[in-house]
Amino acid sequence: MWRKPHHDRPPRQFERVQFSRRVARVKLAVTAPDRLIVRTERVADPGDLISRLPHPTALAWVRHGEGIVGWGEAARLTLPGGEDRFAAADQWLRDLFGSADIHDPVQVPGSGPVAFGSFGFDPKSPDSVLIVPRWIVGRRDGAAWLTTIGEDADPLALVHPPQPPARLAWSDGTLSAPAWEQAVAAAVDRIRDGRLGKVVLARDLHAEAAEPIDARTLLRRLADRFPACYTFSCAGLVGATPELLIRRAGEHLDSLVLAGTTARGTTPADDAERATRLRASAKDREEHAYAAEMVRDALTPLCAELTVPDQPELLTLANVMHLASPVHGRLRRERSVLDVVAALHPTPAVAGTPTDTALDLIRELELMDRGRYAGPVGWVDARGDGEWGIALRCAELDGTRARLFAGCGIVADSDPAAELAEAQTKFRVMQYALEG
Ligand SMILES: C=C(O[C@@H]1C=C(C(=O)O)C=C[C@H]1O)C(=O)O
């Protein structure tokens, strides 16, 4: 099916040896043909992107009906972890896309070949993955396109309708609710001792269905209920995150820093009062400031221009409100979006301050591997453009099972019972996706 490599290019084996020398510390598992043959064409508006996905193993990144969905696998890279996992992924993609035969008359971010990806939160986590789908349908600013890698025709005819998960059974994850409250109390003690300013603690929750869970049902429900979030699916990690780690379109960067949360009110008056309280809360503003300042510090050396608002604004979602800082920048020099991801992850929105102390405390108190929860999730194209969110409000699917995650920023004034309630509210996103 795949064309043979051109005779003027070195054989693939040679490329692999060169590559593994460049990233000597990372052992990679790679499936890729010798050369990608990529064809992008404009298509009539495909309508709802999620309903175009033909199989349960869906790749998706959709917000307000725009974005990209993909299926099939032209290439896959799995990374065993390490601080250099973003650089290793970036280099692999440069080699793969650099040697590809690409016809892309659309030329917008997300047209041409794309890798969907999701990285482990902790450098010690072995779960990072990049997948280049064989088919992508995209929609952006009035343009729509289909990208095909390889030679199979008309994949859009093959949709198998998804089924909703049946007969779900729920069980505690690593820590029960009271045990997690104790972990939060222990974190507050450490913070009051002056060892760190903030730590984000998370917990997990398990669901088991009678039949294998189809990611598309969850995507459909999430996209309908949380249209302003990035509804994503990558290698079994499915969710709807409000937090944009970084978008790169040419020289332009955007990020949306979130930290500081309250549940939505039950009446309009209650809602308005909660919004006012959140804006005025010293505890939430402190939580937020750690995250916004770190993003500013990480982007400043990369940018010729950078704007970070002095005061956070309010982001209102169906279940919660967050303090939000939209950040805009202009790159000083060409860098791929993965390069910028590497400079940002992990932000204090999901780790804490100082980062290393917070990571140690997370390992000590959570007693679980977060896997890809709270890690970067998104896509990158052959130009180095892309959008990466922080994988929040998500679950890891494995056949009939789903592992859900939710976490909260803890500072000196945090109350364990209130943090538990906040985590329960955040779990509800994926509980709704699974149960409807
Ligand atoms: C950690 C999560 O969310 C993060 C923590 C927040 C907070 O503590 O206020 C808000 C948004 C996110 O940055 C999560 O949803 O699991």
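Residues numbered from 1 in each chain as written. Predicted model: local features only at pLDDT ≥ 70, side-chain atom pairs only at ≥ 80, totals over all residues.

### Quick look at the packing of helix H3 (residues 177-192) against helix H8 (residues 355-366)
So the rule is basically this: As a rule, the C-alpha atoms of each element are fitted with a line to give its axis, helices using only the stretch in contact, and angles between N-to-C directions run from 0 to 180 degrees. Each helix is a run of DSSP H or I of at least 4 residues and each strand a run of E of at least 2, with the numbering of both proceeding from the N terminus. For classification purposes, angles smaller than 35 degrees are called roughly parallel, those larger than 145 roughly antiparallel, those between 65 and 115 roughly perpendicular, and all remaining angles oblique. Should the near helix be turned counterclockwise from the far one by less than a right angle, the crossing is left-handed, whereas a clockwise turn marks it as right-handed. By definition, residues are in contact whenever their C-beta atoms, placed on the basis of the backbone, come within 7 Å of each other.
Packing of H3 against H8 leaves a shortest axis separation of 10 Å and a crossing angle of 150 degrees. By the angle class used here, H3 and H8 are roughly antiparallel. Note on packing geometry: the crossing formed by H3 with H8 is right-handed. Residues Ala 183, Ala 186, Ala 187 and Arg 190 of H3 form the contact with H8, whose participating residues are Leu 361, Leu 365 and Glu 366.

### Let's talk about the site of the ligand
The line we're drawing: Each residue receives a C-beta atom placed from its backbone. It is near a molecule or strand if this atom lies within 6 Å of it. The classification used treats Ala, Val, Leu, Ile, Met, Phe, Trp, Tyr, Cys and Pro as nonpolar, Asp, Glu, Lys and Arg as charged, and all other residues, Gly among them, as polar.
Inspection of the region around the ligand gives 18 residues, with Thr 261, Ala 349, Leu 392, Gly 407 and Gly 409 positioned closest. Mapped by element, the contributors of at least two residues to the shell around the ligand are strand S12 (198-208), strand S16 (252-263) and strand S24 (401-410). Among the residues making up the shell around the ligand, the classes are represented as 9 nonpolar, 5 polar and 4 charged.

### As for the environment of Ile 37
Considering the arrangement of structural elements, one finds Ile 37 in strand S2 (residues 37-42). As for Ile 37 and Ile 149, which are separated by 112 residues in sequence, their C-alpha atoms are 5.5 Å apart.

### Remarks on the pairing of strand S3 (residues 59-63)
Spelled out, the test is: Exposure in this text rests on C-beta crowding, where 20 or more other C-beta atoms within 10 Å of a residue's own make it buried, 12 or fewer make it exposed, and counts in between make it partly exposed. The C-beta atoms are placed from the backbone. A pair of strands is labelled paired if DSSP reports no fewer than 2 bridges between them.
Burial within S3 is extensive, with 5 of its 5 residues counted as buried. By the alternation rule, side chains of S3 split into Leu 59, Trp 61 and Arg 63 and Ala 60 and Val 62, which are all buried. Bridge count for S3 against strand S4 (residues 66-71) is 5 bridges, and the pairing is antiparallel. Looking at the pairing, Ala 60 lines up with Val 69 of S4. Connecting S3 to the next strand, S4, in antiparallel fashion are 2 residues, including His 64 with a positive phi near 50 degrees. Here 3 bridges tie S3 to strand S13 (residues 230-234), and the two strands are oriented antiparallel to one another.

### A look at the pairing of strand S19 (residues 320-331)
Both S16 and S19 contribute to a ladder of 10 bridges, which runs antiparallel. In the sheet register, Val 257 faces S19, and the bridge partner there is Ser 325. Strand direction decides the pairing type here: strand S17 (residues 303-307) and S19, joined by 4 bridges, are antiparallel. If you follow Leu 306 over to S19, its bridge partner there is Gly 329. Relative to S19, strand S18 (residues 313-316) runs antiparallel, the two being bridged by 4 bridges. Following the sheet pairing, Leu 314 is matched in S19 by Leu 323.

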